[in-house]
Every structure is written in C-alpha cells, then in structure tokens.
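# Coordinate analysis (summary)
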Amino acid sequence: MGLGFEQYYTEAAKWYRLAAEQGNFAAKRNLGLCYYNGQGVEQNYDEAQYWLKKYEEQKKELRS
C-alpha cells in the first residue's frame with residue numbers, strides 16, 4: 001500500500017467515509033481501521049467499533 005507514492009491518510013479517510021455512508025462494504029472496514037489506528041482521522045475507538053461493526057454485519061448478511 002502506497003509503495004512509491006506519498007500516502008495521504010486524511011484524503012483516504014474522507015473518501016472511505018463517503019463510500020461507507022453509501023454502503024460500500026470494504027470502505028466500512030477501511031474507515032474503521034483508520035479510526036482504530038488514527039490514520040487520517042483522530043484516533044477514536046468508538047468510531048472504529050461503529051464502522052467495523054457495520055462491516056461485520058454486512059459481511060454476515062452477504063454470506064447468508
């Protein structure tokens with residue numbers, strides 16, 4: 001990830017949020033990890049848990 005390119009975590013988090021709010025499966029996970037690691041956003045475990053839970057719920061739903 002980001003090999004040979006400068007990484008813009010703030011920009012990535014912005015786009016992950018937009019996609020996650022529209023229901024994108026992978027974006028929910030990635031946004032949750034951004035919050036968990038404090039990359040591109042202020043570290044916030046509650047927000048991380050919220051988005052990772054949404055990801056897990058959708059993953060479970062897709063497997064059904």
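Calculation notes
- Residues numbered from 1 in each chain as written.
- Predicted model: local features only at pLDDT ≥ 70, side-chain atom pairs only at ≥ 80, totals over all residues.
- Heavy atoms only, no water.
- Helix = DSSP H or I, 4+ residues; strand = E, 2+ residues; numbered from the N terminus.
- Expected span 1.5 Å × (residues − 1).
- Buried < 20%, exposed > 50% of the residue type's maximum accessible area, 1.4 Å probe, protein only.
- Arc of directions from axis to C-beta.
- Contact = heavy atoms within 4.5 Å.
- Polar contact = N/O pair within 3.5 Å; in protein donor to acceptor, adjacent residues only side chain to side chain.
- Core = buried A, V, L, I, M, F, W, Y, C linked by side-chain atoms within 4.5 Å.

If you check helix H2 (residues 25-37), its first and last C-alpha atoms are 19 Å apart, about what 13 residues at 1.5 Å a residue would give, namely 18 Å. The set of residues buried in H2 consists of Ala27, Lys28, Leu31, Gly32, Cys34 and Tyr35. Taken end-on, H2 shows its buried residues confined to a sector of 155°, consistent with a single buried face. Buried residues along H2 sit against helix H1 (9-21) and helix H3 (45-63). Its side-chain oxygen placed 3.2 Å from the backbone nitrogen of Ala26, Asn24 serves as the N-cap of H2. Gly38 occupies a position one or two residues after H2 and carries a positive phi of about 70°.

What follows concerns the nonpolar core. One finds Ala20, Ala27, Leu31, Tyr35, Ala48 and Trp51 forming the largest nonpolar core, which totals six residues. At the level of secondary structure, the elements contributing two or more residues to this core comprise H2 and H3. Contacts of Tyr35, omitting those with residues within four sequence positions, involve Arg17, Val41, Glu42, Gln43, Asn44, Glu47, Ala48 and Trp51.

Under the 1.5 Å per step criterion, the end-to-end length of H1 is 18 Å for 13 residues, consistent within 8% with the ideal 18 Å. Looking one or two places after H1, you find Gly23, whose phi comes out positive at around 95°.

So far we have only geometry, and geometry alone does not tell us how the molecule works.
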